[in-house]
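Close look at the chain arrangement
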Amino acid sequence: MVDWEEINRTEDEDKLRKAKLWLFQENVRLQNERKELDDLNRRILQEKKRLKEENLFFDKKLEILQDGFRKLDEDRQTLERQRRELARERTSYAQNQIKSVSGTVMEETVRTLFRGTNNPLALRKRYRDLVKIFHPDNLFGDEELVQMINREYIRRKKEEA
């Protein structure tokens, strides 16, 4: 370290020149370091700005991906709903085909169930027994069959009258 008090007291030109040179060199060194610090600060600010832009870009990409996943999920749900509707329509179509073919078979079966009922008492007893067996509230009940039984009972009742 330089003792400035001693240099001020001495009148030696050589020491003053050396002190001035040292001050000049130190001033130049400090200016250079200030420039380097300014450059570093500028680079740091640029990096912060770049990072901020990258974060914004990343957030936008993430939002786009999340929106895409949301749309995919909606499409998946729509597809699943359509698949269930198609399965329901296939089942309904198959049942209607079976009913149209088996409708005549069912009517023939119902006529067979009432075969041998020659008087009104036997007809009424057979009707009650059949309704008890095939009522829709029973475990193996069938509403359509009960309706056919009702129609056949009414038809036979009219024939007897």
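Model, not experiment: these values are computed from the prediction. (Residues numbered from 1 in each chain as written. Predicted model: local features only at pLDDT ≥ 70, side-chain atom pairs only at ≥ 80, totals over all residues. Heavy atoms only, no water.)

This model, assessed by the stated rule, comprises one aromatic pair. When the ring of Tyr127 is compared with that of Tyr153, the centres are 4.1 Å apart and the planes differ by 20°; the resulting orientation is stacked. Taken together, the residues Tyr127 in helix 3 (residues 120-134) and Tyr153 in helix 4 (residues 143-160) connect sequence positions 26 residues apart. A single burial state applies to Tyr127 and to Tyr153, both of which are buried. (Phe/Tyr/Trp six-rings, centres within 6.5 Å; stacked < 30°, edge-to-face > 60°. Helix = DSSP H or I, 4+ residues; strand = E, 2+ residues; numbered from the N terminus. Buried < 20%, exposed > 50% of the residue type's maximum accessible area, 1.4 Å probe, protein only.)

With that settled, consider helix 4. Look at helix 4: 26 Å from first C-alpha to last across 18 residues, which is about the 26 Å you get at 1.5 Å a residue. Looking only at helix 4, the buried set comprises Leu145, Val146, Met148, Ile149, Glu152, Tyr153 and Arg156. Looking down the long axis of helix 4, one finds its buried residues gathered within 155° of arc, a one-sided arrangement. Along helix 4, the residues that are exposed and aim more than 90 degrees away from the buried face are Glu143 and Lys158. The backbone nitrogen of Glu144 has a side-chain oxygen 3.4 Å away, supplied by the residue at the start of helix 4, namely Asp142. (Expected span 1.5 Å × (residues − 1). Arc of directions from axis to C-beta. Polar contact = N/O pair within 3.5 Å; in protein donor to acceptor, adjacent residues only side chain to side chain.)

Let us look at the pattern of salt bridges. Applying the stated rule across the entire model yields 16 salt bridges. One salt bridge connects Arg50 with Glu54, and the closest N-O pair in it is separated by 2.2 Å. Here Arg50 and its partner Glu54 are both found in helix 2 (residues 13-113), four residues apart, which amounts to about one turn of the helix. Its relative accessible area of 34% is what places Arg50 among the partly exposed residues. Owing to a relative accessible area of 42%, Glu54 belongs among the partly exposed residues under this scheme. Ionic pairing is found between Glu159 and Arg155, a salt bridge with its closest N-O pair at 2.2 Å. Of this pair, Glu159 and Arg155 both sit in helix 4, separated by four residues, roughly a single helical turn. One continuous salt-bridge network, built from bridges that share partners, spans Glu152, Arg155, Arg156 and Glu159. (Salt bridge = Lys/Arg side-chain N within 4 Å of Asp/Glu carboxyl O.)

Taken together, Leu21, Phe24 and Val28 make up a surface patch of nonpolar side chains, about 280 Å² in accessible area. If you trace the backbone, Leu21 turns up in helix 2. (Patch = residues over 30% accessible without salt bridge, like charges linked within 9 Å, V, L, I, M, F, W, Y side chains within 5 Å. Areas by Shrake-Rupley, 256 points an atom, 1.4 Å probe, with all protein chains shown as cover.)

It is worth spelling out the environment of Asn119 at this point. Following the sequence through the fold, Asn119 ends up in the loop between helix 2 and helix 3. For the pair Asn119 and Glu160, spaced 41 residues apart in sequence, the C-alpha separation works out to 7.9 Å. Reaching out from Asn119, the side chain makes a polar contact with the backbone nitrogen of Leu121 at a distance of 3.3 Å.

The axes of two packed helices give the description: the angle between them and the distance between them. Running from N to C, helix 3 and helix 4 cross one another at 175°; their axes reach a closest spacing of 10 Å. Taken together, helix 3 and helix 4 sit at an angle that is classed as roughly antiparallel. Each of Pro120, Leu123, Arg124, Tyr127, Leu130, Val131 and Phe134 in helix 3 lies in contact with helix 4, whose residues at this interface are Leu145, Val146, Ile149, Asn150, Tyr153, Arg156, Lys157 and Glu160. (Axes fitted to C-alpha atoms, helices over the stretch in contact; angles between N-to-C directions. Parallel < 35°, antiparallel > 145°, perpendicular 65-115°, else oblique. Contact = heavy atoms within 4.5 Å.)

This paragraph deals with the side chain of Thr117. With respect to the secondary-structure elements, Thr117 resides in the loop between helix 2 and helix 3. One polar contact links the side chain of Thr117 to the main-chain carbonyl oxygen of Phe114, over a distance of 2.6 Å. Contacts of Thr117, omitting those with residues within four sequence positions, involve Ala122, Leu123, Arg126, Arg156 and Glu160.

Here we take up helix 3. Compared with an ideal rise of 1.5 Å per residue, which puts 15 residues at 21 Å, helix 3 spans 21 Å between its outermost C-alpha atoms and is within 8% of the ideal. Of all the residues in helix 3, the buried ones are Leu123, Tyr127, Leu130 and Val131. Projected down its long axis, helix 3 shows its buried positions confined to an angular sector of 100°, all on one face. Those residues of helix 3 that are exposed and aimed more than 90 degrees away from the buried face are Leu121, Lys125, Lys132 and Ile133. Two or three places before Leu121, at the opening of helix 3, Asn119 has a side-chain oxygen 3.3 Å from that residue's backbone nitrogen.

Keep in mind that these numbers describe shape and distance, not what the molecule does.
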